[in-house]
Amino acid sequence: MTFEQEIKRRRTFGIISHPDAGKTTLTEKLLLFGGAIQEAGAVKSNKIKKSATSDFMEIERQRGISVATSVLAFIYKDKKINILDTPGHKDFAEDTFRTLTAVDSVIVVIDVAKGVEEQTEKLVEVCRMRNIPMIVFINKLDREGKDAFDLLDEVEQKLGLSVTPLSFPIGMGYDFKGIYNIYEKNINLFSGNSKQNIEETIAFDDVSSSELEKIIGEDAADSLRENLELVDGVYPPFEKEAYLSGDLQPVFFGSALNNFGVRELLDCFIEIAPDPRAKKAEERLVEPNETDFSGFVFKIHANMDPKHRDRLAFVKIVSGKFERNKPYLHVRHDKKLKFSSPNAFFAEKKEIVDTSFPGDIVGLHDTGNFKIGDTLTSGEKLQYRGIPSFSPEHFRYINNADPMKAKQLNKGIDQLMDEGVAQLFTLELNGRKVIGTVGALQYEVIQYRLEHEYGAKCTYENLPVHKACWVEPEADNEEFSEFNRVKQKYLARDKSGQLVFLSDSAFSLQMTQQKYPSVKLRFTSEKD
Ligand code: GDP
């Protein structure tokens, strides 16, 4: 296969949803189609097995949430599919945001009964801002849920999307008979007892034919015809270009648990979803088919195996081939690094690979060289744009609880921050360290990991901070000097040395902005 063909066959995407909408179940069914796993339940049971051998994952087991983002790859109809799993829990939203910098498209899973939920809104907003192509999968059609048209309205209104259904349910819940596939023009009949088999499909391109009554009965046939007419009248026809530019989102209905509507979703997905897209670096736009390798770190993961305390940096390949044992430039450190055992991901396993292509994710063993957002290249000084840091929601002082282990504590904090677990601010006044997080759960994760991975103990102390604002520019004028003097107590540096203003309330933030108009306060760490 040529380099060009290798790129064209790759589909790298993420599944996003509110917890419990069915993301894990859908992932598992997709893997079944790829023949990557043999039985239903494999993805989940694997998750539990891992937790038993890794104390980091123990937190996940205890909490029943997905702390880690992993990569699952499989081949289907000659396409190499890479699924980047994303934690649905809101305390790990930043993790998911970062993973979204590495996907070329997403599938949004929505529970038919619950409709659009909070986490879905936030994640879809990020995808919308970045014009990521999205397909919507409305799940759990075997249960009673909202009316299909009401749901489509809700998706448009709450998520700000412009949808067009490519399949339509025939009945729902107890009366759920099957799905009409508008895209392929066929009917899939549902039989509730065959949970793991791929259903047979009846080609049906003319719904006005009286054959329809014979298959699904008179009432269902009438209402299907009516519904399809409405779909035709209300929603725009599907256009691939509009989908690819993020202007139109096709919708599928189904039941992941019953493996229903999943094949339709997958078949359409591999046809319309984008192959690896060009990516903007600070310097220029980089095309996947360039010969020189480049990629960026979007995720750093503590090793699952407690015997090996190194970390795995997940690199998305943007251009060129990544080859084992070849020296690549770590742009931030301006230093060449070689990787003797890069991991590729296949289904739920990882294995060492010699060559990877644009769209693929490689896992590189790291002893502390990488942080999120780092770029690796064949030699060119490129810096990919990632997602900037947002102001955390929670702030606490972190104190050393074991004076003998100060070094371990500092190392641990440093590395956990590089992984993007939380943000560290150091107060200008007294050098005290403040940890900022998106969710309260991270404090437990940090404490647990500091103890189990670094042998250090910490305690926290609350700090009444409303928001962290990055100060830009650090102007050399009188107003800035006064701001600096008066607000000294509230000033800190982030990990890269940028000045940050920690305001204690919305009111004081407003007052500060009024009093020092030339001091610009930003709510993210980067311009743009
Ligand atoms: P996640 O949190 O989004 O990964 O959701 P899971 O895949 O873990 O699913 C949450 C729950 O919904 C589990 O108990 C699943 O068995 C169930 N579930 C998933 N898909 C379906 C479906 O199509 N129908 C029904 N009735 N239940 C489903």
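Now for a look at the structure at hand. (Residues numbered from 1 in each chain as written. Predicted model: local features only at pLDDT ≥ 70, side-chain atom pairs only at ≥ 80, totals over all residues.)

## Things to note about the overall build of the protein chain
Filter applied, for reference: Put simply, DSSP H or I for four residues or longer makes a helix, DSSP E for two residues or longer makes a strand, and each gets a number counted from the N terminus. Residues are called buried when their C-beta atom has 20 or more other C-beta atoms within 10 Å, exposed when it has 12 or fewer, and partly exposed otherwise; all C-beta atoms are positioned from the backbone. Once C-beta atoms have been placed from the backbone, residue pairs whose C-beta atoms lie within 7 Å are recorded as contacts.
Tallying secondary structure elements over the protein chain gives 15 helices and 31 strands in all. Within the protein chain, the fraction of its 528 residues that count as buried is 45%. Here the analysis covers contacts within the protein chain between residues at least 6 apart in sequence; of these, 71% occur between residues at least 24 apart.

## Brief notes about the pairing of strand 30 (residues 499–503)
How we decide: Strands are labelled as partners when DSSP assigns at least two bridges between them.
Of all five residues in strand 30, four are buried, a share of seventy percent or more. Pairing between strand 28 (residues 467–472) and strand 30: four bridges, direction antiparallel. By the bridge assignment, C469 is partnered in strand 30 with F501. Here strand 29 (residues 491–493) pairs with strand 30 via three bridges, running antiparallel. From the neighbouring strand, L491 faces strand 30, where its bridge partner is F501. The loop that links strand 29 with its antiparallel partner strand 30 comprises five residues; one of these, G497, has a positive phi angle of about 90°.

## Thoughts on the nonpolar core
Put simply, the rule is: Structurally, a nonpolar core is described as a collection of buried Ala, Val, Leu, Ile, Met, Phe, Trp, Tyr and Cys residues joined by way of C-beta atoms within 7 Å.
In this structure, V106, V108, V136, F137, V297 and V315 are the most contacted members of the largest nonpolar core, which totals 96 residues. Looking at which element gives the most residues to this core, the answer is strand 15 (residues 311–319), with six residues. Beyond its immediate stretch of four places on either side in the chain, V108 contacts I16, S17, T120, V124, M134, V136 and F137. Membership of the second largest hydrophobic core comes to 29 residues, among which are I398, L416, V445 and V500.

## Considerations on the sheet that holds strand 2 (residues 71–76)
Applicable threshold: Here an axis means a line fitted to C-alpha atoms, over the contact stretch when the element is a helix, while the angle between two N-to-C directions is reported on a 0 to 180 degree scale.
Read from one edge to the other, the open sheet built from seven strands follows the order 2-3-1-4-5-11-6, with strand pairing classed as mixed. Two strands lie at the open edges of the sheet, namely strand 2 and strand 6 (163–165), each paired on one side alone. Averaged over all pairs of adjacent strands, the angle between strand axes in this sheet comes to 25°, irrespective of strand direction. Here strand 4 (residues 105–111) pairs with strand 5 (residues 134–139) via six bridges, running parallel.

## Details of the sheet that holds strand 27 (residues 458–462)
As summarised here, the arrangement of the eight strands in space is 27-24-26-25-29-30-28-31, forming an open sheet in which the pairing is antiparallel. The sheet terminates laterally at strand 27 and strand 31 (520–522), the two strands that pair on one side only. Each strand axis lies, on average, 40° off the axis of its neighbour in the sheet, ignoring direction. Relative to strand 26 (residues 433–437), strand 24 (residues 394–400) runs antiparallel, the two sharing four bridges. Of the residues in strand 26, the one forming a bridge with Y397 is V434.

## Some words on the environment of M134
If you trace the backbone, M134 turns up in strand 5. Each C-alpha atom of the pair M134 and P342 lies 30 Å from the other, and the pair is 208 residues apart in sequence. Sequence-distant contacts of M134, that is, excluding residues within four places in its chain, are made with S105, V106, V108, C127 and Q249.

## Considering the environment of N186
Relative to the elements of secondary structure, N186 occurs in strand 9 (residues 186–189). C-alpha of N186 to C-alpha of K80: the two residues are 106 residues apart in sequence and 26 Å apart in space.

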